[in-house]
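Next come the chains, spelled out residue by residue.
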Amino acid sequence: MSLETGADQQGGAGRPLRVIVGVVARGLQLGRQLGFPTANIPLAEEPPVRTGVYVVRSRLADGRAFFGVASVGCNPTIPKTAPVLEVWLFDFDEDIYDQMLSTELLAYLRPEEQFASVTALIDQVFADAEEARRYCKDHDLRLT
């Protein structure tokens, strides 16, 4: 995993807060079972940014780009052993394990939280995705 700083430290419409680049690792595949498959990038012991949920634009090794929503942290509802960047790429469902993924964190949505149930987690993830899609549309963001 590597961390690249965006040109504008404060972010802004279309300008990344940070860029995280890493190899997609096989996770628990729980997101796929719950309806939102994620690409997992293991992070250092201390996440490179504030933990929480972000609007993202990710680029695959082949150059294709996708908007999405991502969680940075340890996922307190379904505990993981180490921090991870979990990216749900919108309108995408391919096997990208062991491939490089470059993810621009475009906007911070909310802090990481522990949910009372998996159902509550699912509801919030879909609400986060809706908010991320709206952010991209409202700010007229492009994938290029």
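Values in this document were obtained by computation on a predicted structure and should not be read as measured data.

*Asks:* Tell me about the packing of aromatic side chains, and name the residues and values.
*Replies:* Geometry of an aromatic ring pair is reported as the spacing of the ring centres plus the angle between the planes. Scanning the model with the defined rule gives six aromatic pairs in all. With a centroid separation of 5.1 Å and 75 degrees between ring planes, the pair formed by Y54 and Y108 is classed as edge-to-face. Taken together, the residues span a long stretch of sequence, with Y54 in strand β4 (residues 52-60) and Y108 in strand β7 (residues 100-110) at a distance of 54 residues. Note on W88 and F90: the rings are 5.6 Å apart at their centroids and 80 degrees apart in plane angle, and the pair reads as edge-to-face. Here a set of aromatic residues connected by ring pairs shows up, and it is made of F36, W88, F90 and F126. Sitting above the plane of the Y97 ring, R26 keeps its charged end 3.8 Å from the centroid. In this arrangement the basic side chain of R133 is found over the ring face of F90, its NZ or CZ atom lying 4.0 Å from the centre.

*Asks:* Any details on the confidence of the model for the protein chain? Residues and values, ideally.
*Replies:* Looking at the protein chain, pLDDT values average 87 and 89% of them are 70 or higher. Within the model, the stretch residues 1-10 combines pLDDT values under 50 with 26 contacts to residues more than four positions away or in other chains.

Criteria and cut-off values
- Residues numbered from 1 in each chain as written.
- Predicted model: local features only at pLDDT ≥ 70, side-chain atom pairs only at ≥ 80, totals over all residues.
- Heavy atoms only, no water.
- Phe/Tyr/Trp six-rings, centres within 6.5 Å; stacked < 30°, edge-to-face > 60°.
- Helix = DSSP H or I, 4+ residues; strand = E, 2+ residues; numbered from the N terminus.
- Lys NZ or Arg CZ within 6 Å of the ring centre and 35° of its normal.
- pLDDT = per-residue confidence, 0-100.
- Contact = heavy atoms within 4.5 Å.

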